[in-house]
Amino acid sequence: MHAPLIIFFVLAAMCIVGALSLIIQRHPIHSALSLIVVMVALAGLYLLMGAEFVAAVQIIVYGGAIMVLFVFVIMLLNAGLEERTNLSKLAGFAGIPLAVALTGLLAAAVARSEDAVQAATQTGATAPTKALANLLFQDFVYPFELTSFLILVAILGAIVLAAPRGES
Amino acid sequence: MVPTHYYVILSAILFGLGVVAFIFKRNIITIFMSIELMLNAVNLAFVAFSQVWHRLDGQVFVLFVIVVAAAEAAVGLGIIIMITRNRQTLNVERVDLLKL
């Protein structure tokens, strides 16, 4: 077993343990910290695949900005332990098997479709960030500009939603 | 080289765990985090396929998904703050009235 495979399995185990911990933990702040573990491990997987820029963006935007926002809101709202409510009977019996079935179907479908793709596989040049920048700012320049507009609208929306009501 | 279907299967597992968290959790913030988990799983599949095809379009899509997730987090957390201010609870099962 060579090194990349070992690194893959370590990072994959980190991802899965983090995601399980997200489900099991009952305090939202613990769930948020578990999700940060998943995101950092995913950034490691992107590095393993040679997608350096995506890995950096994953750490900076997801691990940095978005998760800090989550933790900030959890602390702002002073979220406590999750209350336990009784699940419906159907969810108790069928929930876990159905979730496992969904995961298996997804994995089988996508992994089998990859057989056809395998023919195109060869070890070649990994993705250099320069080529990514060329693609992003030439072919995808209009979607890119649109995303900046989307961010602007989202900021305005967040301010309108979360701002304290003036006079009332 | 790690075989691509390993990445794809990991992505499916993460997506499934995200669905489970989305269905089983009762805290509105945790439900929101499980959506982020599902988005991350899809991103992993995007990068894996972009590596197979030696085309960078997949990575560009990942960047767009991250941007949309950031916008979604900003607006969604604003909505959560509003809900909590009005209802004094984070439990989705107690948010069941259209009008107070």
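No experiment lies behind these values; they were computed from the predicted model shown.

What follows deals with the overall build of chain B. Scanning chain B from N- to C-terminus turns up 3 helices and 0 strands. Taken from the N to the C terminus, the helices and strands of chain B come in the order α-α-α. Over its C-alpha trace chain B gives a radius of gyration of 17 Å, far above what one expects of a compact globule, namely 13 Å for 100 residues. Counting only C-alpha atoms and orienting by the principal axes, one finds that chain B spans roughly 55 × 25 × 15 Å. Relative to its 100 residues, chain B shows a buried fraction of 53%. Within chain B, counting contacts between residues at least 6 apart in sequence, those at least 24 apart form 49% of the total.

All names here are of chain A. Assignment of secondary structure puts Met14 in helix α1 (residues 3-24). Overall, Met14 belongs to the partly exposed group, with 17 C-beta atoms counted inside 10 Å. In the structure, Met14 is positioned 11 residues away from Ala3 in sequence and 17 Å away in space, judged by C-alpha atoms. Apart from residues lying up to four places away in sequence, Met14 is in contact with Val37 and Ala41.

With domains assigned, chain A is organised as domain 1 (1-81) and domain 2 (128-168). The distance between the C-alpha centroids of domain 1 of chain A and domain 2 of chain A comes to 23 Å.

Quick look at the interface of chain A and chain B now. On the side of chain B, 61 residues touch chain A, which itself brings 68 residues to the contact. Contributions of two or more residues to the side of chain A that touches chain B are made by α1, α2 (28-48), α3 (52-77), α4 (89-118), α5 (129-138) and α6 (141-162) of chain A.

Formed by 66 residues in total, the largest nonpolar core has its most connected members in Ile29(B), Leu37(B) and Leu44(B). For this core, the elements supplying multiple residues, two or more each, are α1, α2, α3 and α6 of chain A together with α1 (4-24), α2 (28-53) and α3 (57-87) of chain B. At 13 residues, α2(B) tops the list of elements feeding residues into this core. Looking at which domains feed residues into this core, each of domain 1 (1-81) and domain 2 (128-168) of chain A supplies at least three. Not counting residues within four places of it along the chain, the set of residues in contact with Leu44(B) comprises Leu42(A), Leu45(A), Tyr7(B), Leu10(B), Ser11(B) and Leu14(B).

What counts as what
Residues numbered from 1 in each chain as written. Chains lettered and ligands numbered in written order. Predicted model: local features only at pLDDT ≥ 70, side-chain atom pairs only at ≥ 80, totals over all residues. Helix = DSSP H or I, 4+ residues; strand = E, 2+ residues; numbered from the N terminus. Rg over C-alpha atoms; globule rule 2.2 N^0.38 Å. Buried ≥ 20, exposed ≤ 12 C-beta atoms within 10 Å, placed from the backbone. Contact = placed C-beta atoms within 7 Å. Domains from an automatic or database assignment. Core = buried A, V, L, I, M, F, W, Y, C linked by C-beta atoms within 7 Å.

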